[in-house]
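# Examining the three-dimensional arrangement
Okay, here's what each chain looks like letter by letter:
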Amino acid sequence: MSDSEESVQTMPVHAKRQRVSLIRHNEDSGDDTDDVSSTVSTLQDDSLCDTPSSIASRSKAKKKTKPKPKFKCSNWVKEDHKKPLFGVLFNTFAVDPLLFITVGHNRVSVYECLSDGKIKLLQAYADPCPDENYYCGAWTFDDESGQSLIAAAGLRGIIRIISPVTQTCVKHFVGHGAAVNELKVHPNDHNMLLSVSRDNTMRLWNIKMSYCVVIFGGVDGHRDEVLSADFNIDGRKLISCGMDHSLRMWRVDTDVIQQAIRDSYTYNAIKEKAPFPTYGENFPDFSTRDIHRNYVDCVRWLGDFVLSKSCENCIILWKAGSLEERSWRVKEGRVSMLHRFDYRDCDIWYMRFSLDAQQKMMALGNQVGRVFVWDIDVEDPVLAKCSVLTHNKCYSAVRQTCFSPDGETLLAVCDDGTIWRWDKL
């Protein structure tokens, strides 16, 4: 992020929490790249957490093994600004041609992945303000024309909607009081864009009608910078995380929020002589600080489970409540920690992992240029195999990874302005 924040990355702030005892499992070492241990986490106090039997997990791990995911480095390019690239994202709304964007500095660049392994630059958008620093982006599309649109935001808190066809910024939204750290498009309504901000809140925008529909935060919201958020597969739930070490789950399918979304399509501010009445959601349905002891900078749904990452060299798989509970709302904040994916050299924050569209693989880069890829398409997370992708010219921090819609290509962007393409063997 900014120079003033670098000192924060190297000085983790620990919060009080229940101690976690780790039971390590020695997995079969297939080759020299398998240098990542696999662990299962258990809490000693059953009132806070329910966990599966580690003995059963170990017995399964010995019986069944899967080959590690294998990728080769096909190509890499370096952007001319040579500044950190914080985000990379494939266009999942139109997969032919295979397009992706990168965001960093005051630039949003559009590339095409060619079939021969090459990366082709198509166009680049430079923000009018040279001091802008984009942190995140998202793809969506226009209802009427069907043409792709790009949303981008960062340091200045302004959300830009860019048309690659006209190569112009067609809209912009101002509302956040500080930087925007992540953007997410609702899985069932491409006009609904969620922005995650340093101002401790999240905002849900109707980008077609240019209204801010809902603000998540306030009385019982995050107490510090919100770093990441994710919709579940049907868009009815939302999970967020941030610098306050907490993870919070929010309902998006409540009657009042659904009515606000419907009203945003029909409201006429000129006729009503008043701005759109943005709804404020102050109370999440679930909150916990028992998973991590430091900044939580990335979170993703995995079915009804959650994968969350902190700058503690681990990604934790967990569930709200006990494993038997079907209802996701648990007022007491009980959690079940199922598995811990360990890796190395990634103790700085704002390093984001990714899942493929089928949620069969997970990838994360570290601060010395390595990319860890796990095969999570297994019955038990203990069986997940990890491959470590390395290249002698890739030695800078990998800020984000992204899988292509078919899972055959993996991209990674780094602090030195490089983009790395890895193709599946």
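The structure under discussion appears in the preceding block.
Residues numbered from 1 in each chain as written. Predicted model: local features only at pLDDT ≥ 70, side-chain atom pairs only at ≥ 80, totals over all residues. Heavy atoms only, no water.

So, about the sheet that holds strand 9 (residues 148-154). Hydrogen bonds between backbone groups are what pair the strands of a sheet, and the pairing can be parallel or antiparallel. The antiparallel open sheet is built from four strands, whose spatial order is 8-9-10-11. Each edge of the open sheet is held by one strand with a lone partner, namely strand 8 (134-141) and strand 11 (168-173). Direction aside, neighbouring strands of the sheet carry axes that sit 25° apart on average. Where strand 8 lies against strand 9, seven bridges are found, and the strand directions are antiparallel. Its bridge partner lying in strand 9, Tyr-134 is registered against Gly-154. (Pairing = 2+ DSSP bridges. Helix = DSSP H or I, 4+ residues; strand = E, 2+ residues; numbered from the N terminus. Axes fitted to C-alpha atoms, helices over the stretch in contact; angles between N-to-C directions.)

Before going further, it helps to spend a moment on the packing of aromatic side chains. Aromatic ring pairs are reported here in terms of the distance separating the ring centres and the angle at which the planes meet. Tallied over the entire structure, the rule returns 20 aromatic pairs. Both rings, one in Phe-86 and one in Tyr-350, keep their centres 5.8 Å apart while their planes meet at 70°; by these two values the pair is edge-to-face. Linking Phe-86 in strand 4 (residues 85-90) with Tyr-350 in the loop between strand 24 (335-342) and strand 25 (354-355), this pair joins segments that are 264 residues apart in sequence. Ring pairs connect the aromatic residues Phe-86, Tyr-135, Tyr-295, Trp-349 and Tyr-350, which therefore count as one cluster. (Phe/Tyr/Trp six-rings, centres within 6.5 Å; stacked < 30°, edge-to-face > 60°.)

Here we come to the pattern of salt bridges. With the rule as written, the count across this model stands at 17 salt bridges. A salt bridge links Glu-182 to Arg-352, with the nearest nitrogen and oxygen atoms 3.9 Å apart. Residue Glu-182 is found in strand 12 (residues 180-186), and its partner Arg-352 is found in the loop between strand 24 and strand 25; the two are separated by 170 residues along the sequence. Residues Glu-182 and Arg-352 agree in their burial class; the two are buried. Put simply, Asp-304 and Lys-237 hold a salt bridge, and the shortest N to O gap is 3.9 Å. A residue pair is termed long-range when its members are at least 10 positions apart, and Asp-304 in the loop between strand 21 (296-302) and strand 22 (305-310) and Lys-237 in strand 17 (residues 237-242) qualify at 67 residues. By relative accessible area, Asp-304 is classed as exposed at 53%. When its relative accessible area of 15% is taken as the criterion, Lys-237 is described as buried. Among the ionic contacts, a cluster of salt bridges with common partners joins Arg-236, Arg-251, Asp-253 and Asp-285. (Salt bridge = Lys/Arg side-chain N within 4 Å of Asp/Glu carboxyl O. Buried < 20%, exposed > 50% of the residue type's maximum accessible area, 1.4 Å probe, protein only.)

Another aspect to go through is the nonpolar core. The nonpolar side chains of a soluble globular protein tend to be buried with one another. The biggest cluster of nonpolar side chains holds 22 residues, and the ones touching the most others in it are Leu-307, Ile-315, Phe-341, Met-362 and Trp-374. Ignoring sequence-local partners within four residues, the contact set of Met-362 consists of Leu-307, Ile-315, Phe-341, Phe-353, Ser-354, Leu-355, Phe-372, Val-373, Trp-374, Ile-376 and Phe-403. (Core = buried A, V, L, I, M, F, W, Y, C linked by side-chain atoms within 4.5 Å. Contact = heavy atoms within 4.5 Å.)

This part is about the sheet that holds strand 12. Pairing is mixed across the open sheet formed by five strands, whose spatial order is 12-13-14-15-19. Of all strands in the sheet, those with a lone pairing partner are strand 12 and strand 19 (279-281), marking the two edges. The mean angle between the axes of side-by-side strands here comes to 20°, regardless of whether they run parallel or antiparallel. Taken together, the five bridges between strand 13 (residues 189-197) and strand 14 (residues 202-206) define a ladder with antiparallel strand orientation. The residue bridging Leu-193 from the neighbouring strand is Trp-205, located in strand 14.

In terms of burial, strand 15 (residues 211-216) is a largely internal element, five of the six residues being buried. Two strands pair when backbone bridges link them, and strand 14 and strand 15 are joined in this way by five bridges, in the antiparallel orientation. Residue pairing for strand 15: Trp-205 is matched across the bridge by Cys-212. What sits between the antiparallel neighbours strand 14 and strand 15 is a turn of four residues, in which Ser-210 has the positive phi angle 65°. Taken together, the three bridges between strand 15 and strand 19 define a ladder with parallel strand orientation. Bridging from a neighbouring strand, Phe-216 pairs with Glu-281 of strand 19.

Of all the seven residues making up strand 12, seven are buried; the element is thus mostly covered by neighbouring parts of the structure. Bridge analysis of strand 12 against strand 13 gives six bridges, and the strand direction is antiparallel. Bridge assignment links Lys-184 to a residue of strand 13, and that residue is Leu-194. Between strand 12 and strand 13, which follow one another and run antiparallel, lie two residues.

These figures capture arrangement, not role.
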